[in-house]
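The residues making up each chain are set out below.
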Amino acid sequence: MLLRQVIGNVFRRLRRERGITLRELAELAQVSVPYLSEIERGRKEPSSEILAAICRALDLELSDLLAEVQFDLTTAVRSTLPVQLQTAAIRVEDRSARRIPSGPRAYSAPATAYTLVA
């Protein structure tokens, strides 16, 4: 995932959360609607001046934008990492002492103990 795509996704999400149309944000930031649309879709890499203008229009600090971008990048990376489970073969051994029951109180089935060996 490219940084410009994450920035665009964050701008789009914040704009929608605030209930602002693309045209309204473009006017507030003093950029063209097509250019802002390209930024939101991750097709254009905005300059620092454009980033600052869009942040001002959204009443957003640049540091807050970067925190949102960092969160989205971290989430995206975690969701694409393959999960690897390390397993070991387990062998079951019967380690119980065998006793032959005798007498009237003898159990019908002997107790069994197992040991797991990795």
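Since the model is a prediction, treat every value here as computed from it, not as a measurement.

1. Points about the nonpolar core
Phe11, Leu25, Ile54, Leu58 and Leu65 are the most contacted members of the largest nonpolar core, which has 22 residues in total. Mapped onto this core, the elements with two or more residues apiece are helix H1 (3-17), helix H2 (22-29), helix H3 (33-40), helix H4 (48-57) and helix H5 (62-80). Examining the composition of this core, we find that six residues originate from one element, H4, more than from any other. Leaving out residues up to four positions away in the same chain, Leu65 has contacts with Val10, Phe11, Leu51, Cys55 and Leu60.

2. A look at the packing of H2 against H4
As a packed pair, H2 and H4 sit with axes 8 Å apart at the nearest point and diverge in direction by 115°. Where H2 crosses over H4, the two elements pack in a sense that is right-handed. Residues Leu25, Leu28 and Ala29 of H2 touch H4, and the partners they reach there are Ala53, Ile54 and Ala57. When the residues that make up the contact of H2 with H4 are grouped by side-chain class, the tally is six nonpolar, no polar and no charged.

3. Describing unusual backbone geometry
Located in the positive-phi region is Gln30, a residue other than glycine, with phi close to 60°. Within the secondary structure, Gln30 sits in the loop between H2 and H3. Phi is positive for Asp59, close to 55°, though the residue is something other than glycine. A relative accessible area of 71% places Asp59 in the exposed class.

Cut-offs and rules
- Residues numbered from 1 in each chain as written.
- Predicted model: local features only at pLDDT ≥ 70, side-chain atom pairs only at ≥ 80, totals over all residues.
- Heavy atoms only, no water.
- Core = buried A, V, L, I, M, F, W, Y, C linked by side-chain atoms within 4.5 Å.
- Buried < 20%, exposed > 50% of the residue type's maximum accessible area, 1.4 Å probe, protein only.
- Helix = DSSP H or I, 4+ residues; strand = E, 2+ residues; numbered from the N terminus.
- Contact = heavy atoms within 4.5 Å.
- Axes fitted to C-alpha atoms, helices over the stretch in contact; angles between N-to-C directions.
- Left-handed = near helix turned anticlockwise from the far one by under 90°.
- Nonpolar A, V, L, I, M, F, W, Y, C, P; charged D, E, K, R; others polar.

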